[in-house]
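# Coordinates in review
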Amino acid sequence: MSKPSLPQGTRDFNAATVQKRQYIFQTIKSVFELYGFQALETPAMENLETLMGKYGEEGDKLIFKILNNGLDLPQKKQQTLEGVEKLLAGKSSLALTERALRYDLTIPFARYVAMHHGALNFPFKRYQIQPVWRADRPQKGRYREFYQCDADVVGSDSLLNEVDLMSVYLNVFANLKLPVEVKMNNRKILLGLAQFCGGEEKLIDLTIAIDKLDKIGWEKVQEELNTKGFSDAQQKIIQQYLNITGSNDEKIAQLKKLLGDNESVLKGIEELNYVLQYQLSSGMSKQLVADFTLARGLNYYTGLIFEVKALDTDMGSIGGGGRYNDLTSLFGVPNIPGVGISFGVDRIYDVMEEKNLFPPSIEQTTQILFFNLGEQEAQAAYEQMTLLRNKKIACEIYPEKSKFDKQFKYAEKKGIPNVIIIGTEELAKKECNLKNINTGIQTTIPFSELVNYKF
RNA sequence: GAGGGCGUAGCUCAGUAGGUUAGAGCGACAGUUUGUGGAUCUGUAGGUCGUGGGUUCGAGACCCAUCGUUCUCCCCA
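Note that the coordinates shown come from a computational prediction; the quantities given were computed from them, not determined experimentally.

Along the polypeptide, Ile-362 turns up in the loop between α13 (345–354) and β12 (368–370). A relative accessible area of 16% places Ile-362 in the buried class. In this structure the C-alpha to C-alpha distance between Ile-362 and Lys-20, which are 342 residues apart in sequence, comes to 7.0 Å. Beyond its immediate sequence surroundings of up to four residues, Ile-362 is in contact with Gln-19, Lys-20 and Tyr-23.

Bringing the nonpolar core into the picture now. Core analysis: the biggest nonpolar cluster contains 97 residues, and Ile-24, Met-166, Phe-173, Met-184, Tyr-241, Ile-318 and Phe-343 have the highest contact counts within it. The residues contacting Tyr-241, other than those within four sequence positions of it, are Asn-185, Ile-189, Leu-190, Leu-193, Ile-210, Leu-255, Leu-258, Leu-259 and Phe-292. Formed by 16 residues, the second largest nonpolar core is a distinct cluster that contains Phe-370, Ala-378, Ile-422 and Leu-450.

This part covers the side chain of Glu-46. Secondary-structure assignment places Glu-46 in strand β2 (residues 45–47). Residue classification places Glu-46 among the buried residues on the basis of a relative accessible area of 5%. If we skip the residues at most four places from it in the chain, Glu-46 touches Leu-51, Glu-98, Arg-99, Ala-100, Arg-102, Pro-108 and Arg-111.

Let us look at the packing of aromatic side chains. Geometrically, a pair of aromatic rings is defined through the distance of the ring centres and the angle of the planes. Summed over the entire model, instances satisfying the criterion amount to 21 aromatic pairs. These aromatic residues form a ring-pair network of at least three members: Phe-32, Phe-37, Tyr-127, Tyr-169, Phe-173 and Phe-343. Just above the ring of Tyr-143 sits the side chain of Arg-11; from NZ or CZ to the centre is 3.6 Å. Here the guanidinium or amino end of Lys-125 rests over the ring plane of Phe-37, the centre of that ring lying 4.8 Å away.

Moving on, we come to the protein's contact with RNA strand B. Around RNA strand B, the surrounding shell holds 38 residues, and the nearest of these are Arg-134, Arg-142, Ser-317, Arg-347 and Thr-424. Among all atoms of RNA strand B positioned within 4 Å of the protein, those belonging to sugar or phosphate total 40%. At 2.9 Å from a sugar or linking oxygen of RNA strand B is found a main-chain nitrogen or oxygen belonging to Gly-319. Looking at the surface near RNA strand B, the elements that each hand over two or more residues are β6 (145–154), α15 (404–414), α16 (424–429) and β15 (431–436).

It is worth spelling out the pattern of salt bridges at this point. Here the structure, examined in full by the defined rule, presents 14 salt bridges. Measuring nitrogen to oxygen at the nearest pair gives 3.1 Å for the salt bridge that ties Asp-346 to Arg-21. Remark: Arg-21 occurs in helix α1 (residues 15–34) and Asp-346 occurs in helix α13; sequence separation between them is 325 residues. Between Asp-405 and Lys-409 there is a salt bridge; the shortest N-O distance is 3.9 Å. Residue Asp-405 and its partner Lys-409 are both found in helix α15; the two are separated by four residues, about one turn of the helix. Residue Lys-409 is classed as partly exposed on the basis of its relative accessible area, which comes to 47%. By sharing partners, the salt bridges in this structure join Arg-11, Arg-21 and Asp-346 into a single network.

The next thing to look at is a nonpolar patch on the surface. Taken together, Leu-160, Tyr-274 and Tyr-278 make up a surface patch of nonpolar side chains, about 270 Å² in accessible area. With respect to the element layout, Tyr-278 can be found in helix α12 (residues 263–281). What makes Tyr-278 partly exposed here is its relative accessible area of 38%.

It is worth spelling out the pairing of strand β10 (residues 319–324) at this point. With six of six residues buried, β10 lies mostly within the body of the structure. Going residue by residue along β10, you find Gly-319, Gly-321 and Arg-323 tucked away on one face and Gly-320, Gly-322 and Tyr-324 tucked away on the opposite face as well. Here four bridges tie strand β9 (residues 304–310) to β10, and the two strands are oriented antiparallel to one another. Following the sheet pairing, Phe-306 is matched in β10 by Gly-321.

With that out of the way, let us pick up the sheet that holds β15. The five strands lie next to each other as β13-β12-β14-β15-β16, forming an open sheet whose pairing is mixed. Sheet topology places β13 (395–397) and β16 (442–446) at the edges, where each strand pairs with a single neighbour. Taken pair by pair, the neighbouring strands of this sheet meet at an average axis angle of 25 degrees, ignoring direction. The pairing of β15 with β16 spans five bridges and is classified as antiparallel. Looking at the pairing, Cys-432 lines up with Ile-445 of β16. Contacting β12, β13 and β14 (418–421), helix α14 (residues 375–390) crosses the sheet at an angle of about 165 degrees to β13. Against the sheet, α15 makes contact with β12, β13, β14 and β15, and its axis sits at roughly 160 degrees relative to β12, the strand it touches most.

The pLDDT averaged across chain A works out to 88; a share of 98% of its residues lies at or above 70. On the interface metric, ipTM, the complex scores 0.81, and its pTM is 0.89.

The topology assignment puts Asn-121 in the loop between α5 (106–116) and β5 (124–133). A relative accessible area of 63% means that Asn-121 is categorised as exposed. Placed 33 residues apart in sequence, Asn-121 and Val-154 show a C-alpha to C-alpha distance of 10.0 Å.

Attention shifts here to the packing of helix α7 (residues 187–196) against helix α8 (residues 203–211). When two helices pack together, their arrangement is captured by the angle between the axes and the distance separating the axes. In contact at an axis separation of 9 Å, α7 and α8 are set at 115 degrees when each is read in the N-to-C sense. Here α7 is positioned roughly perpendicular relative to α8, judged by the angle of their axes. Seen along the crossing, α7 lies across α8 with a hand that is right-handed. Where α7 approaches α8, its residues Leu-190, Leu-191, Leu-193 and Ala-194 are matched on the opposing element by Leu-203, Leu-206, Thr-207 and Ile-210. Of the residues assigned to the contact of α7 with α8, the class counts are seven nonpolar, one polar and no charged.

Turning next to unusual backbone geometry. Residue Pro-123 is reached from Phe-122 by a cis peptide bond, and omega for that bond is -5 degrees. For Asp-312, which is not glycine, the phi dihedral falls at a positive 55 degrees. Here Asp-312 shows up in the loop between β9 and β10. Positive phi, close to 65 degrees, is recorded for Lys-392, a residue that is not glycine. Topologically, Lys-392 is positioned in the loop between α14 and β13.

Cut-offs applied
Residues numbered from 1 in each chain as written. Chains lettered and ligands numbered in written order. Predicted model: local features only at pLDDT ≥ 70, side-chain atom pairs only at ≥ 80, totals over all residues. Heavy atoms only, no water. Helix = DSSP H or I, 4+ residues; strand = E, 2+ residues; numbered from the N terminus. Buried < 20%, exposed > 50% of the residue type's maximum accessible area, 1.4 Å probe, protein only. Contact = heavy atoms within 4.5 Å. Core = buried A, V, L, I, M, F, W, Y, C linked by side-chain atoms within 4.5 Å. Phe/Tyr/Trp six-rings, centres within 6.5 Å; stacked < 30°, edge-to-face > 60°. Lys NZ or Arg CZ within 6 Å of the ring centre and 35° of its normal. Near = heavy atom within 4 Å. Polar contact = N/O pair within 3.5 Å; in protein donor to acceptor, adjacent residues only side chain to side chain. Salt bridge = Lys/Arg side-chain N within 4 Å of Asp/Glu carboxyl O. Patch = residues over 30% accessible without salt bridge, like charges linked within 9 Å, V, L, I, M, F, W, Y side chains within 5 Å. Areas by Shrake-Rupley, 256 points an atom, 1.4 Å probe, with all protein chains shown as cover. Pairing = 2+ DSSP bridges. Axes fitted to C-alpha atoms, helices over the stretch in contact; angles between N-to-C directions. pLDDT = per-residue confidence, 0-100. Parallel < 35°, antiparallel > 145°, perpendicular 65-115°, else oblique. Left-handed = near helix turned anticlockwise from the far one by under 90°. Nonpolar A, V, L, I, M, F, W, Y, C, P; charged D, E, K, R; others polar.

Spelled out as structure tokens, the structure:
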């Protein structure tokens, strides 16, 4: 027997952790519902074809694939061997893996919409809170199994959806008392920059390099741009673009000056401005920051993109999203525009733990422990306990007759605030001794009055 | 995919320059106390030092491999 262990990047959650996580889930869920989103759940696994090719080359490698059953059947031997050959060549093989664990919630959602678009009531607003899996190498804030909480609207082009989703972000983090900044950019602006600097086909190279700016600095970014074949003149424009600073309005003014004669950039600015102005009127705009260096890895985004960063911590982004104008066409159903946001609960948890932001009140446990002092006594205690349970007071009885010491310690460690002692004396007088563990105060209460006692 | 740190009792760790029977604190258990806990004191249990190989008269320590874990880069939530 080897020591039991967990697969890399996965975790067990104890009672205290579960309660704190539930607090985050509940907060997010209630805000989603407040804004008119409805729940959806999809299976942990999807057909491999549904997922492959949706997350870029890197993403495909990180998909957890599920080995097919029945590979040992003699009549499948040839297929299996061919599959292994493909695998060794670095390709995936349906002969070996037809299914995979979902990598995010957006693609399964697009698959769902494509399957049911005839029956859905558009604009369709759904939220989804489920785990996803990535075969990534674990490190700080990065796990192989983690939860995402997504809210998406499909079937509407209106920027009012973006406004609403930004409001969801700000509302959730205000409720959690977690200070954040929501960075916003527009793929159309990046597209315009690419058109200026070598053409649309360089958009991805460009965004990847730009995205690294705050991590590796301009010089390294410049090196990367060099290797990707950007000319000196183009690099100069990119540098000017990246050097844009100031308030949101100032940044936008500078961008207009730099790239204002590009149609895509102008459109992008207009959209960005729309959302910023709208939020301004609600007084929440301070946390919304235009950041033209924001790129986002997933290339299905087409419009505004967002990323949430917790302030004063080195944790990466704790949420992100954007507009994708044609996601369902990947599944053969064109012309359903959508926009969505996502929360990374596991990282939010880590940041809140780091900053000590969980309210103490969320830790709930049993209210009363009944001592067990023998068969007769326990039976009487059980009767009283049942009455209290019917009143929705959480109680438990120590399952075996033990020394006081042991029963007290049990209550103390579990954080149970009250114990009720019913021994032979109490039994004879039909009363019980209630002791508050924290104050040490002991009260005698007749059985008949216990149900009405205010704990 | 690339690179670094760390694996010694349930937990946190010590273990000096390789040298007999591997230590501490906390926790657990028992007693002090068979109806009132958190304290004190006393005692007990618990480790083939992650695993496999090698160097050596001798390895927890040194070397190699391997597994696990953690962090950084890539990428991402």
